[in-house]
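Tertiary structure, described
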Amino acid sequence: MRFDFIKDVCYLTLHTDSTEHRIPFGYGKWEMSTTSKMGPYLVAGAQSNRVSIGPFKVAGAYTWKDEKTLELTLRYIESPHTETIVCSFDGDYISLDFQHLLNRNSKRAIIKGVLSPNLNNPPRLIIRGDDMGYSHSGNEALIKSYREGIETSIEVIVPSPWFPEAVKMLAQNPGVDVGLHFAITSEWDNIKWRPLTDCPSIRNADGYFYPMIYPNSHYPNQSVMTNAWKIEDIEKELRAQLDLALKYIPRLSHVSGHMNSTAFAPEVKAMARKVAAEYKIPMVDVDSANDFKISYTGYDSRNKTTEERIQGFIDMLDKLETGKTYVFVEHPGLDNAELRAISHIGYEDVAEGRQDVTTIFTSEKVKEALVRKGIKLVSYREVIKEMKQ
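Residues numbered from 1 in each chain as written. Predicted model: local features only at pLDDT ≥ 70, side-chain atom pairs only at ≥ 80, totals over all residues. Heavy atoms only, no water.

Take the overall build of the protein chain next. Looking only at helices and strands, the protein chain has ten helices and 16 strands in total. Principal-axis analysis of the C-alpha atoms gives the protein chain an extent of 80 × 45 × 40 Å. Every one of the 389 residues in the protein chain was classed for burial, and the buried ones make up 50%. Taking all contacts inside the protein chain whose residues are at least 6 apart in sequence as the whole, residues at least 24 apart take part in 63%. Mean positive and mean negative side-chain charge positions of the protein chain (47 and 52 charges, respectively) differ by 6 Å. (Helix = DSSP H or I, 4+ residues; strand = E, 2+ residues; numbered from the N terminus. Buried < 20%, exposed > 50% of the residue type's maximum accessible area, 1.4 Å probe, protein only. Contact = heavy atoms within 4.5 Å. Lys, Arg positive; Asp, Glu negative; His and termini not counted. Charge placed at Lys NZ, Arg CZ, Asp CG, Glu CD.)

Tracing the chain through its elements places Gly 91 in the loop between strand S7 (82–90) and strand S8 (93–100). Expressed as a C-alpha distance, the spacing of Gly 91 and Lys 230, which sit 139 residues apart in the sequence, is 62 Å.

On to the packing of aromatic side chains. Tallied over the full model, the rule gives 14 aromatic pairs. Seen from their ring centres, Phe 5 and Trp 64 are 6.3 Å apart, and the 25 degrees between their planes marks the pair as stacked. Remark: Trp 64 occurs in strand S5 (residues 56–66) and Phe 5 occurs in strand S1 (residues 2–6); sequence separation between them is 59 residues. Residue Phe 5 is classed as partly exposed on the basis of its relative accessible area of 41%. A residue is classified by how much of its surface remains accessible, and Trp 64, at 37% relative accessible area, is partly exposed. (Phe/Tyr/Trp six-rings, centres within 6.5 Å; stacked < 30°, edge-to-face > 60°.)

With that settled, consider the pattern of salt bridges. Two side chains of opposite charge can pair, provided their charged atoms sit close to one another. Enumeration according to the criterion identifies 24 salt bridges in this entry. The shortest N-O distance in the salt bridge between Lys 373 and Asp 318 comes to 2.5 Å. With Lys 373 in the loop between helix H9 (364–372) and strand S16 (376–378) and Asp 318 in the loop between helix H6 (306–317) and strand S15 (325–330), the pair connects residues that are 55 residues apart, well separated along the chain. Through salt bridges that share partners, Glu 235, Arg 239, Lys 274 and Glu 278 make up one connected network. (Salt bridge = Lys/Arg side-chain N within 4 Å of Asp/Glu carboxyl O.)

Core analysis: the biggest nonpolar cluster contains 50 residues, and Met 132, Ile 184, Ile 234 and Phe 264 have the highest contact counts within it. The set of elements that each furnish at least two residues to this core consists of helix H1 (136–147), strand S11 (153–156), helix H2 (163–171), strand S12 (177–182), helix H3 (231–248), helix H4 (266–279) and helix H8 (350–361). One finds Leu 125, Ile 314, Val 357 and Ile 375 within the second-largest nonpolar core, a separate group that totals 18 residues. (Core = buried A, V, L, I, M, F, W, Y, C linked by side-chain atoms within 4.5 Å.)

Given 3.6 residues per helical turn, the α-helix brings residues three or four places apart onto the same face. Look at H8: 16 Å from first C-alpha to last across twelve residues, which is about the 16 Å you get at 1.5 Å a residue. With nine of its twelve residues buried, H8 lies for the most part within the structure. Turning to H8, its buried residues are Val 350, Ala 351, Gly 353, Arg 354, Asp 356, Val 357, Thr 358, Ile 360 and Phe 361. Check the buried side of H8 and you find it contacts strand S10 (124–132), H1, H6, S15, helix H7 (337–340) and H9. (Expected span 1.5 Å × (residues − 1).)

Two numbers describe how H6 lies on H8: the axes approach to 10 Å, and their chain directions differ by 50 degrees. It follows from the interaxial angle that H6 and H8 lie oblique. Considering the relative orientation of H6 and H8, their crossing is right-handed. Where H6 approaches H8, its residues Thr 306, Arg 309, Ile 310 and Phe 313 are matched on the opposing element by Gly 353, Asp 356, Thr 359 and Ile 360. The class makeup of the residues in the contact of H6 with H8 is three nonpolar, three polar and two charged. (Axes fitted to C-alpha atoms, helices over the stretch in contact; angles between N-to-C directions. Parallel < 35°, antiparallel > 145°, perpendicular 65-115°, else oblique. Left-handed = near helix turned anticlockwise from the far one by under 90°. Nonpolar A, V, L, I, M, F, W, Y, C, P; charged D, E, K, R; others polar.)

This brings us to a negative patch on the surface. The grouping of Asp 189, Glu 348, Asp 349 and Glu 352 at the surface amounts to a negative patch. Looking at the element boundaries, Asp 189 is found in the loop between S12 and H3. (Patch = residues over 30% accessible without salt bridge, like charges linked within 9 Å, V, L, I, M, F, W, Y side chains within 5 Å. Areas by Shrake-Rupley, 256 points an atom, 1.4 Å probe, with all protein chains shown as cover.)

Okay, structure coming up:
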């Protein structure tokens, strides 16, 4: 929320996941206006009853109860309801108490906030969570990181075993940006997935994708590049994954490459660009810096405790420059029995490490740091839309 005091009027801007409300409040007098912000409602479970109703006529007034307490009163003219917002300031912190007739005598959730600098052109940051579909744990963590945390874009692996569940979860969370995480590898030892198409050059003797893109000493002759891969097979598989993703997730905004599958060779990169143009869906990993002016950012999290990783993420934010857009890529998970059974040689601490990612993405310290530094969270969808305008 934002307060703008102009003469004797306080303009309150409430920014939600879906829209922005700007409401004027007069000092000691009522300021008339209209708003799409819904007021208190007796039958809260029947919100759909008010669909297509509005804007609502309102009158707003404010007063200072003392030097640290701002009280804003909003009257809904054509209803019996009045909402009072009590804002308590304590240094850089603010507490918000939304009071009305229906909750006045019950325990209310107090919203906590921190003051943010007013930057003209703040750094922008995409928080990208990869690999939706590889496990139930991963699916749950990715949605948690969006609903309770800072994640703004989710990348889904279409041929993965938990893709059907991912589709349902994404449908229940229509606000999150979604990208196809194009995969031609199946890297985990205890769980595998196969291509959607008949593409013999990118599957092993058992019919699964190879575990690796690049040669790996732990998996000799089990990488795409150590076998006779064919560009036409990769293109066929890319098109099939796009078609299936669009069938079930029509809001798909972009394509990213799992383990660099869209850019590990010049001809693959050229093919990805061609398919992207045909489907009119951008390939963000092919050349994000040039195409969308998005730079990757990160920090060294190896051999660090959870708290050290949280602090490392916060320290990373200081390196972001005004006027630039960045993406931070990681893999949320939950440290449970399922994820502890998923690993490959050289990457055994999957459950612990990916739980730390979820912890960082939902950390109150991280959320506060983002606000204090004035960093704006955005999604690929928003950035791509701006570039097209």
